[in-house]
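# Breakdown of the fold
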Amino acid sequence: MKESSQTKAGLLTEISSLKKKIKKLEKSEAKFKHEKAALQESEFKYRSLVECSSDAIFCVDEKGEYQFTNYLFSSTFGKSPDYFIGKTFWDIYPKEHADQRYAVSKRVFQTGKSESVEVEVPLPDKALYFHATANPIKDETGKVILNLTHAADITERKQAEKALRASEENFRRSLDESPLGIRIVTAEGETIYANTAILAFYGYDSIEELKATPVDKRYTPESFAEFKIRREKRKRGVDSLSDYNISISRKDGEVRHLKAFRKKILWNGKKQYQVIYQDITAEHEALQKFNKLFSGNPALMALSSLPERIFTDVNDAFLKALGYTSKEVIGRTSAELGLFSQPEKQKKVAEELQLTGRTANHELKVKAKDGTIVDGLFSGEIIENHGKKYFLTVMIDQTERKRVENALNAAEETYRNIFLNSQIGLFRTDIATGIVLEANDSMAHFAGYKNREELLSNNFNIAERYIDPEARKKMIDIIKEYGQCENYETQFRRNDGSIIWIRLSARLVAAKSYLEGVAEDITDRRKSEELLREREERFRSMIQSSSDIIFIVDGNGQLTYESPSAARIIGYPPGYFLGKSPFIHIHPDDRDYVANDMDEVFKSVNPGIPTEFRCQKGDGTWTTLEALGSNQLENPGIRGIVLTVRDITARKQAEEDKRILEERLQQADKMEAIGTLAGGIAHDFNNLLMGI
């Protein structure tokens, strides 16, 4: 009984202990479930954060094998995240890119430190750029077990940087290649930039040469004096002209006239001055010609300022015909002088001039200083010079009118004769129908008729004779847009069915709805052009296959063309010499006289004498070449010096052999003193050698 009680008590104790353990396990299980749920929630948040990230994210192990990628990373390649698991850098990228990524990842595993790098992602249709940061993932011992990399897409930034560089390059090129001369100068006048155009204006080769030339040598004396005045004003802080004219003295002594525009700009972050130069030499010379024409013209000519209409200049014919002196006219108006005896009519002419900018062939009576009336045929035009408007008038004495009319009648008769007898086809056609309204015999012959009468009687329709139906329509469109069409070439069917090439020039007479023009048979010329193209092609083929080397050197002394034979003869790769100096492989002892001969070719003083020199071949050996230069700088198709270079090494050796042979012959000649028999033997020996 006692044992039974003890057993029961033990069981109760054990049951109680088990209950406690069960409760403890239940608490542990509840805690585990809570921690598991928290971990799942944390993992979900982490994955959501990674998947929603604007960066591409991936994780690789020490071998560069992908363990994880987010959707943004995988979608960049058009793949799913699972595609990358187990693959390495080398499975995804070309070797060069894979090696770069592995090197970064390797350093992260070795140093345990993050590292950033810009990488390119080459795709089939484009390339993307990313700023990637590789971060080490460590275990509880501090060992790096993974490389977690997040990469931000910087493609747009890289493209913007590229576009900016291109824009800067375009801006610099636009300055360098501008037809206008451009200088950037400091407030003190020091040149810090000059483009090629301004150097060309002065005739200098470099900005250093421009800077080294004293200022007074760059101007004409008169223009230098004006320059000093402008410089002194700037030193005193007085605003100087922003645009002005200068006359410069080029390196070769030629005088050119420039228009200058000066303004403040920012250059490399500092305030400088930009001066733009326009070459107005042609305008200046044209003005001089105008002044010469104006002063020496037999017609009465006058120049008046507008709107004041004050005389600023009159020619000698004006003063002589009206009896005035220059001092009596300059600075006064026609009204003050009482020149026009018909003020109302003169007023109408002035109003027409003001409205249209020109007037022509108005009969006006002009009163001379002594009161006599001169009948004049009056024309005028508003002109502009340096922003100032002037009224240029021309008056022809009416006593010449009848002579002019008679001359015009004679000219009209001459024109009629020319029209009918011209070797060039002349025609007039209805613009709508194409029916020829008038033509000369030459036009009739082009069309295949005996004469104009036969052509006109057949209501010849030129529109139906174009081989290309669209050709006439295109020409009519040009005429309607521009009022005329010049040198329009097309094929044309003659009356007998034969086809010729013609060149047409026509203008629209809108008021009468017809075209007037000329036609020229250019069939022979077109055949000649085709023959010329064939000859050019043969010539090009000859150059390409020539045994001689052809080089072209531009005005800057750089090689711009080399024929294929250069590689074969000299032994350098094709294109090796392009952009280089022609002297680079010439023997040092030969360079000076070769350069001198080349300079003579540039100056066109070399009469065509070839130059021999030694040149180092691609294999290091030396060969003897002979070059002949031709100055083709003014030839628009070449713009350079054409050098024909020939390998004369064999010829030089032959000349040396000949020299040795001649020495031997001379020695043989001396044997004549031995006697007639010996001389005969020597003669036979000499003949034998000459035969060899």
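Because the structure is a prediction, the values reported are computed rather than measured.

## Quick notes on the overall build of the protein
- In terms of helices and strands, the protein carries 24 helices and 25 strands.
- Across the 692 residues that make up the protein, the buried fraction comes to 33%.
- Roughly 43,800 Å² of accessible area belongs to the protein as shown, and the carbon and sulfur atoms make up 53% of that amount.

## Some thoughts on the side chain of Arg256
- Inspection of the secondary structure assignment puts Arg256 in strand β9 (residues 255-267).
- Among the polar contacts listed, one links the side chain of Arg256 to the side chain of Glu254, at a separation of 2.7 Å.
- If sequence neighbours within four positions are ignored, Arg256 has contacts with Phe201, Ile246, Ser247, Ile248, Arg250, Asp279 and Thr281.

## Observations concerning the pairing of strand β22 (residues 559-562)
- Bridge analysis of strand β21 (residues 549-553) against β22 gives three bridges, and the strand direction is antiparallel. Residue pairing across strands places Phe551 opposite Glu562, the latter belonging to β22.
- Linking β21 back to β22 in an antiparallel pair, the connection comprises five residues, with Gly557 at a positive phi of about 80°.

## Quick notes on the pairing of strand β17 (residues 436-439)
- Both strand β16 (residues 425-430) and β17 contribute to a ladder of three bridges, which runs antiparallel. Each residue of the ladder has a partner; that of Thr429, found in β17, is Val436.
- Between the end of β16 and the start of β17, which pair antiparallel, lie five residues, with Gly434 showing a positive phi angle near 85°.

## Some remarks on the packing of aromatic side chains
- Under the counting rule described, the total for this entry stands at 26 aromatic pairs.
- Geometrically, the ring pair formed by Phe340 and Phe378 is edge-to-face, given 6.3 Å between the ring centres and 85° between the ring planes. Placement of the pair is Phe340 in the loop between α14 (334-337) and α15 (343-356) and Phe378 in strand β14 (residues 373-385), with a sequence separation of 38 residues.
- Classification of Phe378 by relative accessible area gives buried; the value is 7%.

## Remarks on a nonpolar patch on the surface
- On the surface, Leu11, Leu12 and Ile15 cluster together into a nonpolar patch covering about 280 Å² of accessible area.
- Relative to the elements of secondary structure, Leu11 occurs in helix α1 (residues 2-52).

## Focus on the nonpolar core
- Of all hydrophobic cores here, the largest spans 26 residues; its most connected members are Met443, Leu455, Phe460, Ile462, Met475, Phe492 and Leu504.
- Contributing elements (two or more residues each) for this core: β17, α17 (441-447), α19 (469-482), β18 (484-493), β19 (499-509) and β20 (514-521).

Reading the values: the criteria
- For every chain, the first residue of the written sequence is number 1, and numbering continues from 1 along that sequence.
- Reporting of local features is limited, given that this is a predicted model, to residues whose pLDDT is at least 70; pairs of side-chain atoms are given and counted only at 80 or more, and all residues count toward the totals for whole chains, interfaces and linings.
- Derived side-chain values reflect all non-hydrogen atoms in the structure, with water molecules and hydrogen atoms excluded from consideration.
- The helix and strand labels rest on DSSP assignments: H or I over at least four residues marks a helix, E over at least two residues marks a strand, and numbering proceeds from the N terminus.
- Exposure classes here rest on a 1.4 Å probe applied to the protein chains alone. A residue is buried below 20% of its type maximum, exposed above 50%, and partly exposed in between.
- Working definition of accessibility: Shrake-Rupley area with a 1.4 Å probe, residue cover restricted to the visible protein chains.
- Polar contact criterion, stated in full: a pair of N or O atoms within 3.5 Å, where within protein one must be able to donate a hydrogen and the other to accept it, and residues adjacent in sequence count only if both atoms are side-chain atoms.
- In what follows, residue pairs with any heavy atoms lying within 4.5 Å of each other are defined as contacts.
- Note on pairing: DSSP must find at least two bridges between two strands before they are called paired.
- Here a Phe, Tyr or Trp ring, Trp counted by its six-membered ring, pairs with any other such ring whose centre lies within 6.5 Å, and the pair is stacked when the planes are under 30 degrees apart, edge-to-face when over 60, and tilted otherwise.
- What makes a patch is a set of residues exposed beyond 30% relative accessible area and free of salt bridges, joined within 9 Å when like-charged and within 5 Å when nonpolar (Val, Leu, Ile, Met, Phe, Trp, Tyr).
- For salt bridges, the criterion is a side-chain nitrogen of Lys or Arg within 4 Å of an Asp or Glu carboxyl oxygen.
- In plain words, nonpolar cores are sets of buried Ala, Val, Leu, Ile, Met, Phe, Trp, Tyr and Cys residues tied together by side-chain atoms within 4.5 Å.

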